Structure formats: C-alpha cells, structure tokens
Amino acid sequence: MSIEGYDLLIEEFRFLLEVEKPKVAEEKLVAAALGDRSENADYQAAKEKLRFIDKRLFYLNSMIQKSQIIDPSKLSHERVSFGSSVKILNLETEEEESYTLCGVLESEPENGLISVHSPLARAMMGKAVEDEFKVQLPLMKKEYEIIEISYKNIFSLKKNIRTKSDFSFH
C-alpha cells in the first residue's frame, strides 16, 4: 500500500479509538442511567455502535499490521510495478485502456485504480513498453500490449477518499 493509504488507515484507527469510541461509550452510560436497559432504545443503539466500532478497530489493526508500505515515487517504472500508471492496447479491439496499480484498500476499479492482486495487474507486472501479455478471464482470454508506463500519485487519481465524517458511526 502507498504511504498515503497507510496514513489514512492510521488516521481512521486513531479517530475511532480516541474520539468516536469514547463518545459512544459516554452515550451508552447516559442512556444506561435512564433506567431499564432492556427497553431502552438509546442504550441498545449505543451498545450496537460500540460493537461496530470494535469490529472496525479490529479490522483496521489487522490491516495495519499486515500492510507492506511502498513509496511508488521511488521506483523506476521502466517496468510495470506497484504504483505504475499503464496504458495498454487491447489487441483484438484496438481500444486503449489505462490503469494504475495500487493496494487492495486503495483500489477503485471504476476509476482505473486496480489492485496489484487483480488478474490484469498480475499479468502486467514486470512487463515493459511493447511487451504483450494475456489475461485469462472466466469466458475468454484477452491479449494486450503495453503502450506506456508512467508514475502518477495514486491519491491524486482517487475519487473516493474517506474523511473523518466517513469514519464515524451515525
């Protein structure tokens, strides 16, 4: 994953741990003080929010521990690698397509950001300009040629960057 992607994971983790969880825990205490907990909707809602926050914290912690941080700006991009923006030519249709290889959590296939673990990205890895490659899809095999390899910051291409308002549980 890129440095920005890792920083965003850390930011969400800290926000949930230091801001959101204490706030919801306080909501739960206030609701509990109102009486019978079994029929107290505010108490049940706060309890459910805490459960979601804890699950998300567990997931984020796992992703943070497993992540491999790569600064793609320091790679040469003479060959396709993590962070490469690649223009390819479909040899059958003669149509050009553009993709940028990124981490799983950073991918936005609809915006051309594909995970390095996707079949297309795996087939392109290590290839140079003018290299041809094939991708086996469920119903067919497609053939491509690499036209151009460059570097563009992954986060400058993202359209869906999460913010603190996206981190909270409403």
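Residues numbered from 1 in each chain as written. Predicted model: local features only at pLDDT ≥ 70, side-chain atom pairs only at ≥ 80, totals over all residues. Heavy atoms only, no water.

Novice: Just give me the short version of the packing of helix α1 (residues 3-32) against helix α2 (residues 41-66), but keep the residues and values in it.
Specialist: Direction vectors running N to C along α1 and α2 enclose 160 degrees, while the axes themselves pass 9 Å from each other. With respect to their mutual orientation, α1 and α2 come out roughly antiparallel. The handedness of the crossing between α1 and α2 is left-handed. (Axes fitted to C-alpha atoms, helices over the stretch in contact; angles between N-to-C directions. Helix = DSSP H or I, 4+ residues; strand = E, 2+ residues; numbered from the N terminus. Parallel < 35°, antiparallel > 145°, perpendicular 65-115°, else oblique. Left-handed = near helix turned anticlockwise from the far one by under 90°.)

Novice: An account of the pairing of strand β1 (residues 84-90) is needed here, citing residue identities and associated values.
Specialist: With six of its seven residues buried, β1 lies for the most part within the structure. In the sheet, β1 pairs with strand β5 (residues 141-151) via seven bridges, with the strands oriented antiparallel. Looking across to β5, one finds that isoleucine 88 is bridged to isoleucine 146. The loop that links β1 with its antiparallel partner strand β2 (residues 96-102) comprises five residues; one of these, glutamate 94, has a positive phi angle of about 65 degrees. (Buried < 20%, exposed > 50% of the residue type's maximum accessible area, 1.4 Å probe, protein only. Pairing = 2+ DSSP bridges.)

Novice: Lay out α2 in plain terms, naming residues and giving numbers.
Specialist: Its 26 residues place the ends of α2 38 Å apart at the C-alpha level, agreeing with the 38 Å of an ideal helix rising 1.5 Å per residue. In the core, the buried residues of α2 are packed alongside α1. (Expected span 1.5 Å × (residues − 1). Contact = heavy atoms within 4.5 Å.)

Novice: Report on the environment of glutamine 136, specifying residues and quantitative values.
Specialist: Assignment of secondary structure puts glutamine 136 in strand β4 (residues 132-136). With 13 residues separating them along the chain, glutamine 136 and alanine 123 place their C-alpha atoms 9.2 Å apart. Separated by 3.4 Å, the side chain of glutamine 136 and the backbone oxygen of methionine 140 make a polar contact. (Polar contact = N/O pair within 3.5 Å; in protein donor to acceptor, adjacent residues only side chain to side chain.)

Novice: Break down the nonpolar core for me, citing the residues and quoting the values.
Specialist: In this structure, Ile88, Leu101, Leu120, Met124, Phe133 and Ile146 are the most contacted members of the largest nonpolar core, which totals 24 residues. Secondary structure elements with two or more residues in this core: α1, β1, β2, β3 (113-115), α3 (119-124), β4, β5 and α4 (154-157). With twelve residues, the next largest nonpolar core counts Met1, Leu9, Leu50 and Leu60 among its residues. (Core = buried A, V, L, I, M, F, W, Y, C linked by side-chain atoms within 4.5 Å.)

Novice: Break down α1 for me, citing the residues and quoting the values.
Specialist: Along an α-helix, residues three or four positions apart point the same way, because every turn accommodates 3.6 residues. For α1, built from 30 residues, the straight-helix expectation of 44 Å at 1.5 Å per residue is met to within 8% by its first-to-last C-alpha distance of 42 Å. Looking at α1, one finds that the buried residues are Gly5, Leu8, Leu9, Ile10, Glu12, Phe13, Phe15, Leu16, Glu20, Val24, Ala31 and Ala32.

Novice: Tell me about the sheet that holds β5, and name the residues and values.
Specialist: Spatial ordering of the open sheet is given by β3-β2-β1-β5-β4, a layout of five strands whose pairing is mixed. Two strands close off the open sheet at either side, each with one partner strand: β3 and β4. Sheet twist, expressed as the average angle between the axes of neighbouring strands with direction ignored, equals 45 degrees.

Novice: Give a description of the environment of isoleucine 70 that names residues and reports values.
Specialist: Summarising the element assignment, isoleucine 70 is placed in the loop between α2 and β1. When the C-alpha atoms of isoleucine 70 and methionine 124 are compared, they prove to be 18 Å apart, with 54 residues separating the residues in sequence. Dropping the residues within four chain positions of it, isoleucine 70 is found in contact with Met1, Ser2, Ile3, Leu75 and Phe82.

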